[in-house]
Amino acid sequence: MEEIRRQLEQLQDPAYRDFAQKLLPGVRGLLGVRLPELRRIARRLAKQDWQGYLQTAGKDTFEEIMLQGMVIGYSKGDPGDIFNAIRRFLPLIDNWSVCDSFCSGLKIAQIHPGETWNFLQPYFFSGHEFTVRFAVVTALFYYIEEDRLPVLFSLFDRIHHEGYYVKMAVAWAVSVCFAQFPDQTTPYLLHNTLDAQTYGKALQKIIESRRVSQQDKSMIRSLRRTGKNG
């Protein structure tokens, strides 16, 4: 939609664009529009004909793609329509920023948690790096619950994608599991089949977390020295 593109161009901030480019090396088409501005536009579009917008939305800039994800996140209606929109959107995700922003704003996971959980399942084992990251990060934001931990740990062990952003997403998810449920997550840290890079990064993230006690951090440091068992 040309009107949306013009709005984005009017909102671009060259200084912010230069800052964002450092965080997103290799990402092309950055205009430099701040996220609050994108969210404001997305909320408005989500209240209108959001499906019509998505059918004609531009894909030439980082912000246009980010905006599509935000509109899907804010949209309400039939879950099937939203899931179809997600399916069409996933191939457009090619960086961690769009992925994680999309996941964090996905309201359907709060409104229809069971259906969304079922929808996610095949994406944990996709061949596409950012599709797998989408599944893991969505799980991280909405599904880290005590009674679901065994299922999550099993999923993490079965993800074998070699993409860096998949490994970092799994490590992040494991660290959040530990921060929220240290007693239940410790046995998993001792007995898992994560690859060495993912496992090491998970321990690092736990140690860096402000939500983890110093006593627990000392225990985690001992795992870094001795390695995991099993």
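On a predicted model such as this, the values are computed, not experimentally measured, just so you know.

The rules behind these values
- Residues take numbers from 1 onward in each chain, read along the sequence in its written order.
- Local features in a predicted model are, by the rule used here, given only for residues with pLDDT of at least 70; side-chain atom pairs are given and counted only at 80 or more, and totals for whole chains, interfaces and linings are based on all residues.
- Hydrogens are left out, water is left out, and the side-chain values use all remaining heavy atoms of the structure.
- Working definition: rings of Phe, Tyr and Trp (its six-membered ring) pair if their centres are within 6.5 Å, and the pair is stacked with planes under 30 degrees apart, edge-to-face with planes over 60 apart, and tilted otherwise.
- Every helix listed is a DSSP run of H or I at least four residues long, and every strand listed is a run of E at least two residues long, numbered separately from the N terminus.
- Residue exposure (1.4 Å probe, protein chains only): buried if accessible area is under 20% of the type maximum, exposed if over 50%, otherwise partly exposed.
- Put simply, a charge is over a ring when the Lys NZ or the Arg CZ is close to the ring centre, within 6 Å, and near the line of the ring normal, within 35 degrees.
- Note on method: axes are straight lines fitted to C-alpha atoms, helices fitted across the in-contact stretch only, with angles between N-to-C directions ranging 0 to 180 degrees.
- Reported orientations rely on four angle classes, namely roughly parallel under 35 degrees, roughly antiparallel over 145, roughly perpendicular from 65 to 115, and oblique for the rest.
- By definition, turning the near helix anticlockwise from the far helix through less than a right angle yields a left-handed crossing, and turning it clockwise yields a right-handed one.
- Contacts are residue-level and defined by heavy atoms, with any inter-residue pair within 4.5 Å sufficient.
- Classes in brief: Ala, Val, Leu, Ile, Met, Phe, Trp, Tyr, Cys and Pro nonpolar; Asp, Glu, Lys and Arg charged; the others, Gly included, polar.
- By definition, a salt bridge exists where a carboxyl oxygen of Asp or Glu is found within 4 Å of a side-chain nitrogen of Lys or Arg.
- Think of a patch as exposed residues, more than 30% relative accessible area, with no salt bridge, where like charges cluster within 9 Å and nonpolar side chains (Val, Leu, Ile, Met, Phe, Trp, Tyr) cluster within 5 Å.
- Surface accessibility follows the Shrake-Rupley procedure with a 1.4 Å probe radius. Residue values consider only the protein chains on display as shielding.
- Charge assignment in this entry is limited to Lys and Arg as positive and Asp and Glu as negative, and neither His nor the chain termini are counted.
- Taken as the charge centre is NZ of Lys, CZ of Arg, CG of Asp or CD of Glu, depending on the residue.
- Nonpolar cores were defined as sets of buried Ala, Val, Leu, Ile, Met, Phe, Trp, Tyr and Cys residues, with membership established by side-chain atoms within 4.5 Å.
- Whenever a nitrogen or oxygen atom comes within 3.5 Å of another N or O atom, the pair is scored as a polar contact, on the condition that within protein one atom can donate a hydrogen and the other can accept it, and that pairs from neighbouring residues in sequence are kept only if both atoms are in side chains.

*Asks:* What's the story with the packing of aromatic side chains in this structure? I'm lost.
*Replies:* The description of an aromatic ring pair rests on the distance of the ring centres and on the angle between the ring planes. With the rule as written, the count across this model stands at 15 aromatic pairs. Here the aromatic rings of phenylalanine 141 and tryptophan 172 are separated by 5.9 Å at their centres, their planes lie at 85°, and the arrangement is edge-to-face. Separated by 31 residues along the polypeptide, phenylalanine 141 in helix α10 (residues 129-142) and tryptophan 172 in helix α12 (residues 164-180) bring together distant segments of the chain. What makes phenylalanine 141 partly exposed here is its relative accessible area of 36%. Among the aromatic residues, those joined into a ring-pair cluster are Phe83, Phe89, Phe102, Phe119, Tyr123 and Phe134. Over the ring of tryptophan 117 we find arginine 148, and its NZ or CZ is 4.6 Å from the ring centre.

*Asks:* How do you make sense of the packing of helix α6 (residues 79-89) against helix α9 (residues 113-120) when you look at a structure like this?
*Replies:* Here α6 crosses α9 at 30°, and the two axes come no closer than 12 Å. By the angle class used here, α6 and α9 are roughly parallel. Note that α6 runs across α9; the crossing there is right-handed. Contacts between α6 and α9 pair Pro79, Phe83, Ile86 and Arg87 from the former with Glu115, Thr116 and Phe119 from the latter. Among the residues making up the contact of α6 with α9, the classes are represented as four nonpolar, one polar and two charged.

*Asks:* Before we go on, may I ask you to explain the pattern of salt bridges in this structure?
*Replies:* Close approach of charged atoms lets side chains of opposite charge pair. Inspection of the entire model under this criterion finds nine salt bridges. With a shortest N-O distance of 2.9 Å, arginine 40 and glutamate 37 are connected by a salt bridge. Of the two residues, arginine 40 and glutamate 37 are both situated in helix α3 (residues 35-46); the distance of three residues between them amounts to about one turn of the helix. Arginine 40 gets classed as partly exposed once you look at its relative accessible area, which sits at 46%.

*Asks:* Can you help me understand a positive patch on the surface in this one?
*Replies:* A cluster of basic residues, Arg39, Arg43, Lys47, Lys76 and Lys107, forms a positive patch at the surface. Tracing the chain through its elements places lysine 107 in the loop between α7 (96-104) and α8 (108-111).

*Asks:* Please explain the nonpolar core as it appears in this structure.
*Replies:* One finds Ile72, Ile86, Phe102, Phe124, Phe134, Phe156 and Leu189 to be the most contacted residues of the largest nonpolar core, which totals 81 residues. When residues of this core are assigned to their parent elements, the largest contribution, ten residues, is made by α12. Once you skip the residues sitting within four places of it in the chain, phenylalanine 156 turns out to touch Val170, Ala173, Val174, Cys177, Tyr188 and Leu194.

*Asks:* Help me out: how do you make sense of the environment of serine 75 in this one?
*Replies:* Tracing the chain through its elements places serine 75 in the loop between α5 (62-74) and α6. A residue is classified by how much of its surface remains accessible, and serine 75, at 1% relative accessible area, is buried. Here the alpha-carbon distance between serine 75 and glutamine 180, two residues 105 residues apart in the chain, equals 30 Å. Looking at serine 75, its side chain comes within polar contact range of the main-chain oxygen of valine 71, at 2.5 Å.

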